[in-house]
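Residues per chain are reported as follows:
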Amino acid sequence: KEENPQHTEELRKLPQIEIIGAMKETLDNMKLIEYLFKDKEKAVREMEREGMIEKAHIKKYRKNPELLEQDTRRGLYFQFISLAVVGGFME
């Protein structure tokens, strides 16, 4: 099931080399979060400072930094899988 069909359609228009590049970037980010979330409270502060957390969610993540880690991992995983599907690497 596609959560955002419009986004998926936009991805399908990209050249395969760009999809591969985006997959590599996503994989690199998946590796980086291992380091980032060693200190979960600091991760919340840094991601907030960089504008990576929507204002509506800041309180929730400050209260429960583990949730931010879970949501970040899920988002990156979904992004990687979506790219792999539109790139024709998975069905």
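First, a word on scope: everything that follows refers to the structure included in this document. Note that the structure is a prediction, hence the values are computed from the model and not measured. (Residues numbered from 1 in each chain as written. Predicted model: local features only at pLDDT ≥ 70, side-chain atom pairs only at ≥ 80, totals over all residues. Heavy atoms only, no water.)

### Examining the pattern of salt bridges
A side chain of one charge can pair with a side chain of the opposite charge when the charged atoms of the two come close.
Then, number 1: One pass over the full model with this rule turns up 9 salt bridges.
Then, number 2: When the shortest N-O distance is used, the salt bridge between R73 and E69 registers 2.9 Å. In this pair, R73 and E69 both sit in helix 5 (residues 65–86), 4 residues apart, roughly one turn of the helix.
Then, number 3: For R73, a relative accessible area of 30% gives the class partly exposed.
Then, number 4: Look at E69 and you get buried, because its relative accessible area is 13%.
Then, number 5: Between R74 and D71 there is a salt bridge; the shortest N-O distance is 3.3 Å. With a gap of 3 residues between them, R74 and D71 both fall in helix 5, about one helical turn apart.
Then, number 6: For R74, a relative accessible area of 52% gives the class exposed.
Then, number 7: If you follow the salt bridges from partner to partner, you end up with E34, K40, E69 and R73 in one network. (Salt bridge = Lys/Arg side-chain N within 4 Å of Asp/Glu carboxyl O. Helix = DSSP H or I, 4+ residues; strand = E, 2+ residues; numbered from the N terminus. Buried < 20%, exposed > 50% of the residue type's maximum accessible area, 1.4 Å probe, protein only.)

### Overview of a nonpolar patch on the surface
Then, number 1: Taken together, the side chains of I17, I20, V85, F89 and M90 present a nonpolar region at the surface, about 440 Å² in accessible area.
Then, number 2: Structurally, I17 is set in helix 2 (residues 16–36). (Patch = residues over 30% accessible without salt bridge, like charges linked within 9 Å, V, L, I, M, F, W, Y side chains within 5 Å. Areas by Shrake-Rupley, 256 points an atom, 1.4 Å probe, with all protein chains shown as cover.)

### Quick notes on the packing of helix 3 (residues 40–49) against helix 5
Then, number 1: Viewed as axis vectors pointing N to C, helix 3 and helix 5 meet at an angle of 65 degrees, and their least axial separation amounts to 8 Å. When the axes of helix 3 and helix 5 are compared, the pair comes out roughly perpendicular. Helix 3 and helix 5 meet at a crossing whose hand is left-handed. Across from K40, E41, V44 and M47 in helix 3, the residues of helix 5 making contact are P65, E66, L68, E69 and T72.
Then, number 2: Looking at the contact of helix 3 with helix 5 residue by residue, the classes come out as 4 nonpolar, 1 polar and 4 charged. (Axes fitted to C-alpha atoms, helices over the stretch in contact; angles between N-to-C directions. Parallel < 35°, antiparallel > 145°, perpendicular 65-115°, else oblique. Left-handed = near helix turned anticlockwise from the far one by under 90°. Contact = heavy atoms within 4.5 Å. Nonpolar A, V, L, I, M, F, W, Y, C, P; charged D, E, K, R; others polar.)

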